[in-house]
Amino acid sequence: MLFIGGTGWDMRQQPNPLGSILPQQFDFVLYDQRGMGQSGKPRGPYSMAQYAQDASHLISAMGWLRAHVVGYSFGGMVAQELAIRSPEKVSSLVLAATTPGGRGGSSYPLHDLLQLDPLDRARRGLEIADTRFTPQWQAANSDAAANRVAERARRQAQFADEPGAREAFTAQLLARSTHDAYSRLHLITAPTLVLAGLHDGQAPLPAQDRMAEQIRDCTLVKIAGSHNFIHETDQAYLEIAAFCLRQS
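Residues numbered from 1 in each chain as written. Predicted model: local features only at pLDDT ≥ 70, side-chain atom pairs only at ≥ 80, totals over all residues. Heavy atoms only, no water.

A. Up close: the packing of helix α4 (residues 118-129) against helix α6 (residues 142-157). Interaxial distance between α4 and α6 falls to 8 Å at its minimum, and their mutual angle equals 110°. In this view, α4 runs roughly perpendicular relative to α6, as classed from their interaxial angle. When the axes of α4 and α6 are compared, the crossing they make is right-handed. Residue-level contacts link P118, L119, R121, A122, R123, G125 and L126 of α4 to R148, V149, R152, A153 and Q156 of α6. Class assignment of the residues belonging to the contact of α4 with α6 gives a composition of six nonpolar, two polar and four charged. (Axes fitted to C-alpha atoms, helices over the stretch in contact; angles between N-to-C directions. Helix = DSSP H or I, 4+ residues; strand = E, 2+ residues; numbered from the N terminus. Parallel < 35°, antiparallel > 145°, perpendicular 65-115°, else oblique. Left-handed = near helix turned anticlockwise from the far one by under 90°. Contact = heavy atoms within 4.5 Å. Nonpolar A, V, L, I, M, F, W, Y, C, P; charged D, E, K, R; others polar.)

Below is the structure:
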């Protein structure tokens, strides 16, 4: 199983899927994508095709002919490109908290938040990721809201001053902004599971519904959670494991 993480994912940060049940069930690889974490940070611009090619090369480097591919958020966009461009390498596909782009609908343009100061960016990011994190909820739960904002700001700042990190992060966000696989989703041949959070404002549910409708062999499961539902409940990992094991 190849797990492709989301925007800015860094394996040094916890929690992550290495602590889930998936490595117990599968020969499992999680990696820092181009420009992220401890991977190389070549000068941009980056493209979605490059990210898909990176994933394809990693499958080959592992000595695998095919893999179960799980893409979360931005990683789901990469996984769509991989499944379309290299269908022979994808045994099954899981698209979690992600969107198809184009006429199907896009995820929130996170690059628009880069100019905000750290706390405002963290707060706005939480409001987008979780539709329950409203100004009214924050006012009624001021201490809990402040703690959540501070923790998100801390995570966003962690490792951000490493050489090339800010430039690479910007290049990733700009590649993300170009994602448009909607008109090509019919080319996905792998059995596919779409996992959607009921309170996800970053990857809007209507776009996820349209994505699932365009994939020929697709199951859609909605989970009571935010964009970050994979960290909020064990249900997502259980759904992923059960689905991929059925395709093995």
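More follows now that the structure is in view.
B. Highlighting the pattern of salt bridges. Evaluation of the coordinates by the stated rule reveals 11 salt bridges. For R154, the salt bridge is made with E151, and the minimal N-O distance between the two is 2.8 Å. Linking R154 with E151, this pair stays in helix α6, spanning three residues, or about one helical turn. On the basis of relative accessible area, R154 is assigned to the partly exposed category, the value being 42%. (Salt bridge = Lys/Arg side-chain N within 4 Å of Asp/Glu carboxyl O. Buried < 20%, exposed > 50% of the residue type's maximum accessible area, 1.4 Å probe, protein only.)

C. Up close: the environment of P206. Within the secondary structure, P206 is located in helix α8 (residues 205-214). The class of P206 is partly exposed, set by a relative accessible area of 46%. In this structure, the C-alpha to C-alpha distance between P206 and G104, residues 102 residues apart in sequence, is 8.5 Å.

By themselves, these are just geometric observations and shouldn't be taken as functional.
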